[in-house]
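# Topology and contacts: notes
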Amino acid sequence: MTTETQAIAAIRFGTGLGADQPPDGPGALIAQFSRRDPALAEQAPDLAARATMLVEHDAARALRKEQTQAGERAVKAADRKLRRTTTWDMRMHFARAVGSPLGFRERLAAFWTDHFTVEATGRMRTLLVPDLIRTAIRPHVGGRFGDMLADTVRHPAMLHYLNQNRSVGPNSRAGQRRGLGLNENLAREVLELHTLGVEGAYIQADVLGLAQLFTGMTLRERGFHFAPNWAEPGAETVLGRSYGGAEPAAWPEIRAALDDLAVHPDTARHLATKLIVHFVGAPAAPDYVAKIARAYLNAGGRLVPAYRALLEDDRAWNPTLAKAKTPFDFIVSGLRALKVDAGLLSRAKRRDLNGQILGPMAAMGQPLMRPAGPDGWPEDPRAWITPAGLAARVDWAGRSARRWGAETDPREFLQAALGPLAPPLLSRAAGGSETRAEGVALVLAAPAFNRR
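With that out of the way, let us pick up the packing of aromatic side chains. Following the criterion strictly, the structure yields 16 aromatic pairs and no others. An angle of 90° between the planes, with centres 6.1 Å apart, marks the rings of Phe13 and Phe104 as edge-to-face. One end of the pair, Phe13, is in the loop between helix H1 (4-12) and helix H2 (26-30); the other, Phe104, is in helix H5 (residues 103-115), and 91 residues separate them in sequence. By the burial criterion, Phe13 is buried, and Phe104 matches it. Here the aromatic rings of Phe94 and Phe328 are separated by 5.3 Å at their centres, their planes lie at 50°, and the arrangement is tilted. In this pair, Phe94 is assigned in helix H4 (residues 68-99) and Phe328 in helix H16 (residues 327-337), connecting sequence segments 234 residues apart. Here Phe94 and Phe328 have matching classes, each one buried. In this structure, Arg154 packs its charged tip against the face of Phe224, placed 5.6 Å from the ring centre.

Laid out in structure tokens, this is it:
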């Protein structure tokens, strides 16, 4: 029988109760980092393959302008290849969350993906964002934050999203020759969102210094490229420290600045606050923030000690479910409770994904990988519990219950979905439903199931 601790571990810190044995307390959650992330063993199209697809698509479109019929055939072939890859990406995004026995790791992969938000709009970023998650975020979820920061900052998806590929040092050779200039977007977001936080100890001069240091970071056909001719000459000052100045400029000088930012006390407080607010709820108590930040800094910016400090505080295990599940969390936990086979999701047709998952998620207010801005999805429950969002959740609950839960006893389903956190009143209401599907839908739509 599921204990209260197991239920909280699975619902608050994982992807929901399901067919697998839920973890039992902080130690079991931390133990997930001793196991390799199964997603890293998947045979996914790598960055070079994805870049080739984009090049082929551009070439096909150019051909279509010259040779209409041959070009049209080439465009259709390139579109099919892109579509197969993006469909695979979407399938696996949900199959991992629904089927993984490492729920805490999955939640953290989603947390850090949101922390380093890149909106997957347009052909290029739709193809590149899944690679960013797989190669720049997932390998470092249980490692050093500085490594994750460095890999995400220089990933082509991030460079393109924040226009770093257009940023040129005004006094560089390329800047002087072409009259090109600086773009501060990436530098500002690194300081404001990724490291120090909005209230961090930086000023506009630090943004400018970091933006000048970042010049030279751009992308080419196959990915990240450092172009010394684009780099602003001379040393740059960020938070009172000097970086660069060597000729020619190079990536290691930028990496040194990112490593320092990763272990800055303001960064530690910012990350600690975000972890508490995301997993436990707001407001983040100052002593709780200080405990996690101290563990993080004492470990030299390693993340697992910070997670341990988060989990070993009694406040993490309060049985009151205060956070609202995002639409993604709601659908994933619903599929897990309904015991939908992750293998089926990994083979689903695109139209089924659109009809059963992606369309409903968008109707609930969370189009897949498309937050409105670089600050990611909101944490305030009021952003998700809206009339339109609730209507979409109720609709999904009804349709999913009829599809996957029509033969399930609602009282058994309630225990499978919420365990000892199930309200007694909900048990009586579900058991008194006219049909089993209606009882299962009632559980899925209930406030208790929509919280974590």
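This next bit is on the nonpolar core. Phe13, Trp112, Phe214, Leu258 and Tyr307 are the most contacted members of the largest nonpolar core, which totals 125 residues. If one sorts the elements of this core by residue count, helix H15 (residues 303-311) sits on top with seven residues.

Examined against the element boundaries, Ser333 turns out to sit in helix H16. On the basis of relative accessible area, Ser333 is assigned to the buried category, the value being 3%. Within the structure, the side chain of Ser333 is placed 2.8 Å from the backbone oxygen of Asp329, a separation counted as a polar contact. Excluding its chain neighbours within four sequence positions, the residues that come into contact with Ser333 are Thr15, Gly16, Lys325 and Phe449.

This part takes up the packing of helix H14 (residues 286-298) against H15. When two helices pack together, you describe them by how their axes are tilted relative to each other and by the distance separating the axes. At a minimum axis distance of 7 Å, the contact between H14 and H15 shows a crossing angle of 155°. Considering their axes alone, H14 and H15 lie roughly antiparallel with respect to each other. The interaxial crossing formed by H14 with H15 has right-handed handedness. Counting all contacts with H14, which are made through Tyr288, Lys291, Ile292, Ala295 and Tyr296, the residues of H15 involved are Leu303, Pro305, Ala306, Ala309 and Leu310. Split by residue class, the contact of H14 with H15 holds nine nonpolar, no polar and one charged.

A separate point is the layout of surface pockets. As a volume, the largest pocket reaches approximately 580 Å³. Forming the walls of the largest pocket are 23 residues, and the residues nearest its centre are Gly197, Val198, His270, Thr273 and Lys274. Broken down by secondary-structure element, the contributors of at least two residues to the lining of the largest pocket are H5, helix H10 (185-194) and helix H13 (265-279). At seven residues, H13 tops the list of elements feeding residues into the lining of the largest pocket. Per-class residue counts for the lining of the largest pocket are eight nonpolar, seven polar and eight charged.

This part is about the packing of H16 against helix H18 (residues 350-363). Contact geometry for H16 and H18: axes closest at 9 Å, N-to-C directions at 145°. Helix-helix and strand crossings are classified by hand; for H16 and H18 the assignment is right-handed. Facing Pro327, Phe328, Ile331 and Leu335 of H16, the residues of H18 in contact are Ile357, Pro360 and Met361. Residue classes in the contact of H16 with H18 are distributed as seven nonpolar, no polar and no charged.

About the thresholds
Here the residue index of a chain counts from 1 through its sequence in written order. Given that the model is predicted, a residue must reach a pLDDT of at least 70 before its local features are reported, and side-chain atom pairs must reach 80 or more before they are shown or counted; all residues, however, enter totals for whole chains, interfaces and linings. Hydrogens and water are ignored here; the side-chain numbers use all heavy atoms of the structure. Put simply, two rings from Phe, Tyr or Trp (the six-membered ring, in Trp's case) pair if the centres are within 6.5 Å, and we call them stacked under 30 degrees between planes, edge-to-face over 60, tilted for the rest. Each helix is a run of DSSP H or I of at least 4 residues and each strand a run of E of at least 2, with the numbering of both proceeding from the N terminus. When accessible area is computed with a 1.4 Å probe and restricted to protein chains, residues below 20% of their type maximum are described as buried, those above 50% as exposed, and intermediate ones as partly exposed. A ring is considered to have a charge above it if a Lys NZ or an Arg CZ atom is located within 6 Å of its centre and within 35 degrees of its normal. Definition of nonpolar core: a set of buried residues of the types Ala, Val, Leu, Ile, Met, Phe, Trp, Tyr and Cys, connected through side-chain atoms within 4.5 Å. For this analysis, a polar contact is any N or O atom pair within 3.5 Å, provided that within protein one partner can donate a hydrogen and the other can accept it, and provided that sequence-adjacent residues contribute only side-chain to side-chain pairs. In this analysis, two residues are considered to be in contact whenever any of their non-hydrogen atoms come within 4.5 Å of each other. Axis lines are fitted through C-alpha atoms, for helices just across the contact stretch, and the angle between N-to-C directions can take any value from 0 to 180 degrees. To sort the angles, those under 35 degrees are grouped as roughly parallel, those over 145 as roughly antiparallel, those from 65 to 115 as roughly perpendicular, and the leftovers as oblique. By convention, the crossing between two helices is left-handed when the near helix turns anticlockwise from the far helix through less than a right angle, and right-handed when the turn is clockwise. Each residue is assigned to one of three groups, with Ala, Val, Leu, Ile, Met, Phe, Trp, Tyr, Cys and Pro labelled nonpolar, Asp, Glu, Lys and Arg labelled charged, and all others, Gly among them, labelled polar. Any residue with an atom within 4 Å of a point lines the site, the site being either a cavity, points on a 1 Å grid over the protein atoms alone where a 1.4 Å probe fits but cannot get out, or a pocket, an open set with protein on both sides within 12 Å along at least 5 of 7 lines. Grid points are joined across faces, edges and corners, and a volume is the space filled by probe spheres set on the points.

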